[in-house]
Amino acid sequence: ASTADDGSFAMEEVAAERFKVSCSPLDGTYLKTIRWNGQVSNDGTVEMTGGGSATLELEFAATSAEIDGDVKSGDHAAPGASVLLVPASRRESDFRFLMADQNGHFAAKGVAPGGYTALAVDTAIYGMPDAALLKALEKFSTFATVDQNGQATMSLKLIPEAEIEAVQ
């Protein structure tokens, strides 16, 4: 749904199902809170029941952080590497999928404050990796914490595809 000038939106004839909330925050902001009928949705899901209306509130914060860094394969830059920022909170809306530029550099703006584990692979990441894979790749990851309006820089080593295949 698109928003009106006052920030409100409406969706009609929504099926009675479970939905995952997905939105694109404005630059420099992050999705802080999701409320469904007045209740906080920690996992970002909402459940429509048949008939009636419901209220979805999305609260954004302008006190976002930035995380940037470089990816290397051995002593060389790793252009095009896929970078995954995994929030310590495991809140799905705070995960970030990035791609390193031609110099192996990546940058994430509008990041929620907190702790992040980052890892870099040489294959595209489609969708959320499962918890077992993230745990197995933990030894290749880097950790950083960012405060509100803070900035962190990470140096990542590219995880060889063979290592990923070995743990899948």
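Source: prediction; values computed, not measured. (Residues numbered from 1 in each chain as written. Predicted model: local features only at pLDDT ≥ 70, side-chain atom pairs only at ≥ 80, totals over all residues. Heavy atoms only, no water.)

A. Up close: the layout of surface pockets. Volume-wise, the largest pocket comes out at about 940 Å³. If you tally residues by element for the lining of the largest pocket, the top one is strand β5 (residues 56-61), at 4 residues. Class assignment for the residues of the lining of the largest pocket results in 17 nonpolar, 12 polar and 4 charged. Lining the second largest pocket are 18 residues, and of these Val 21, Cys 23, Leu 31, Glu 92 and Ser 93 lie nearest its centre. Broken down by element, the residue count for the lining of the second largest pocket peaks at 3 residues, all from strand β2 (residues 30-36). Classifying every residue of the lining of the second largest pocket gives 7 nonpolar, 5 polar and 6 charged. (1 Å grid on protein atoms, 1.4 Å probe; cavity = no way out; pocket = protein on both sides within 12 Å on 5 of 7 lines; lining within 4 Å. Points joined across faces, edges and corners; volume = space filled by probe spheres on them. Helix = DSSP H or I, 4+ residues; strand = E, 2+ residues; numbered from the N terminus. Nonpolar A, V, L, I, M, F, W, Y, C, P; charged D, E, K, R; others polar.)

B. The confidence of the model for the protein, seen in detail. When pLDDT is averaged across the protein, the result is 86; 96% of the residues are at 70 or more. The secondary structure element of the protein with the lowest average pLDDT is helix α2 (residues 161-167), at 76, and the one with the highest is strand β7 (residues 76-77), at 96. (pLDDT = per-residue confidence, 0-100.)

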